[in-house]
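Close look at the chain arrangement
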Amino acid sequence: MLGVHIEHFRIALMQKPDAPGDRKNLQLALKAKSRLYQFKRYVRRRLGKSYGRIIFLVFFATGILLDICRYIPAFFPFSFVLCCVLLLFNAYLLTVDPILNFLIRRGWLR
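Summarised in this report is the structure supplied together with it. (Residues numbered from 1 in each chain as written. Predicted model: local features only at pLDDT ≥ 70, side-chain atom pairs only at ≥ 80, totals over all residues. Heavy atoms only, no water.)

1. Section: the environment of Leu30
Here Leu30 lies in helix α2 (residues 20-33). Between the alpha carbons of Leu30 and Asn101 there is a distance of 9.4 Å; along the sequence they are 71 residues apart. (Helix = DSSP H or I, 4+ residues; strand = E, 2+ residues; numbered from the N terminus.)

2. Some points on helix α3 (residues 35-47)
Look at α3: 19 Å from first C-alpha to last across 13 residues, which is about the 18 Å you get at 1.5 Å a residue. Gly48 lies just past α3 and shows a positive phi near 65°. (Expected span 1.5 Å × (residues − 1).)

3. Comments concerning the side chain of Asn90
Looking at the secondary structure, you find Asn90 in helix α5 (residues 76-106). Among the residues examined, Asn90 registers a relative accessible area of 1% and is labelled buried. In this structure the side chain of Asn90 is engaged in a polar contact, spanning 3.1 Å, whose partner is the backbone oxygen of Ile55. Aside from chain neighbours lying at most four places away, what touches Asn90 is Ile55, Val58 and Phe59. (Buried < 20%, exposed > 50% of the residue type's maximum accessible area, 1.4 Å probe, protein only. Polar contact = N/O pair within 3.5 Å; in protein donor to acceptor, adjacent residues only side chain to side chain. Contact = heavy atoms within 4.5 Å.)

4. Considering the nonpolar core
With 8 residues, the main nonpolar core is built from Tyr37, Val43, Tyr51, Ile55, Tyr92, Leu93, Val96 and Leu100. If you list the elements that add at least two residues to this core, you get α3, α4 (51-71) and α5. Ranked by residue count, the leading element in this core is α5, at 4 residues. Those residues in contact with Val96, other than ones at most four positions away along the chain, are Leu36, Tyr37 and Lys40. (Core = buried A, V, L, I, M, F, W, Y, C linked by side-chain atoms within 4.5 Å.)

What follows is the structure in structure tokens.
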């Protein structure tokens, strides 16, 4: 179903190349086809308006976990793995849009 929409926007851009709305919609349709973007949309839908706050709180919680490790050394292996997972998840949420935009502009994502 999504392929039909992508073709529609491509045809619209061929007829009128300077239409910014069609270009933006084609970009959104190409992103929506990607599994990376589908997961981000799912997370964003589940978090709702608190999406930005959650990203900030994950960075804050990571700092607290690393501070706890100073006082409880036995907690370090668990804390280190959890901090790495949280930071990678945050990095994914913050960078998936710019990366997909770059790939679409280069024509590497079709």
